[in-house]
Amino acid sequence: MEMLQNDLSVQLLPTDKALFRKHIQRELKEIRQEVAEAHALDNEIDLVPDSAYDDASNLSEILFDHRIPMPDIGWLVDGGIGFEWRSQQVKGIGTMSIYGDKKVIYGASLGSGHKEKGTCALTDLVQLTGFLSTLKTLCSQ
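Residues numbered from 1 in each chain as written. Predicted model: local features only at pLDDT ≥ 70, side-chain atom pairs only at ≥ 80, totals over all residues. Heavy atoms only, no water.

Caption draft 1: Region of the structure containing helix α1 (residues 17-41). Its 25 residues place the ends of α1 36 Å apart at the C-alpha level, agreeing with the 36 Å of an ideal helix rising 1.5 Å per residue. The set of residues buried in α1 consists of Phe20, His23, Ile24, Glu27, Leu28, Ile31, Val35 and Ala38. On its buried face, α1 sits against α2 (50-65), β2 (72-76) and β3 (80-87). Where α1 begins, the capping side chain belongs to aspartate 16, and its oxygen is found 2.8 Å from the backbone nitrogen of alanine 18. (Helix = DSSP H or I, 4+ residues; strand = E, 2+ residues; numbered from the N terminus. Expected span 1.5 Å × (residues − 1). Buried < 20%, exposed > 50% of the residue type's maximum accessible area, 1.4 Å probe, protein only. Contact = heavy atoms within 4.5 Å. Polar contact = N/O pair within 3.5 Å; in protein donor to acceptor, adjacent residues only side chain to side chain.)

Structure follows, in structure tokens:
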């Protein structure tokens, strides 16, 4: 699974939720445009379903509420939206993928010691919160 995205560094979340929502909607609009253009050039690139944009927006709200720094957000060639965090200090990475089926596929690798991966319902805040604590650890290093 390859993520296509801009090469941006992790940014801190804005403290204003309205500003945050506006930022996410702008990001998702840009992604929608990029996907449409790529699909027009190569119809083997899957379009991202509208439900994936809705799920990405919902996941973004959860990230904001849990004070997780802004990820790089990009589209996936297999029809999803990907969220990515990187830490150069521990050579770690955290990812979350959304495909519009109300599920989150997540994974993280923090150096050579800690690896975590799984899938859960977007509404399963117990399992999701466990992974978010891993992301906080990754982003704090």
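Caption draft 2: Representation of helix α3 (residues 125-139) in the model. Across its 15 residues, α3 extends 20 Å between first and last C-alpha, which sits within 8% of the 21 Å expected from 1.5 Å per residue. Inspection of α3 places Leu128, Phe131, Leu132, Thr134, Leu135 and Leu138 among the buried residues, and these make up the whole buried set. The buried residues of α3 all sit within an arc of 155° when viewed along its axis, so they share a single face. In the core, the buried residues of α3 are packed alongside α2, β3, β4 (92-98), β5 (103-110) and β6 (114-121). (Arc of directions from axis to C-beta.)

Caption draft 3: Spotlight on the nonpolar core. If you look at the biggest cluster of nonpolar residues, it comprises 35 residues, and the most contacted ones within it are Leu59, Leu63, Ile81, Phe83, Trp85, Met96 and Leu135. Broken down by secondary-structure element, the contributors of at least two residues to this core are α1, α2, β2, β3, β4, β5 and α3. Sorting elements by how many residues they give to this core places α2 first, with 7 residues. (Core = buried A, V, L, I, M, F, W, Y, C linked by side-chain atoms within 4.5 Å.)

Caption draft 4: Summary view of the pairing of β5. Most of β5 is tucked away, with 6 of its 8 residues classed as buried. With 6 bridges connecting them, β4 and β5 associate as antiparallel partners. Note that in β5 the partner of threonine 95 across the bridge is glycine 107. What sits between β4 and β5 in their antiparallel hairpin is a turn of 4 residues, with glycine 100 showing a positive phi close to 90°. Here β5 pairs with β6 via 8 bridges, running antiparallel. From the neighbouring strand, isoleucine 105 faces β6, where its bridge partner is threonine 119. Counting the residues between successive antiparallel strands, the hairpin from β5 to β6 contains 3 residues, one of them, glycine 111, with a positive phi of roughly 65°. (Pairing = 2+ DSSP bridges.)

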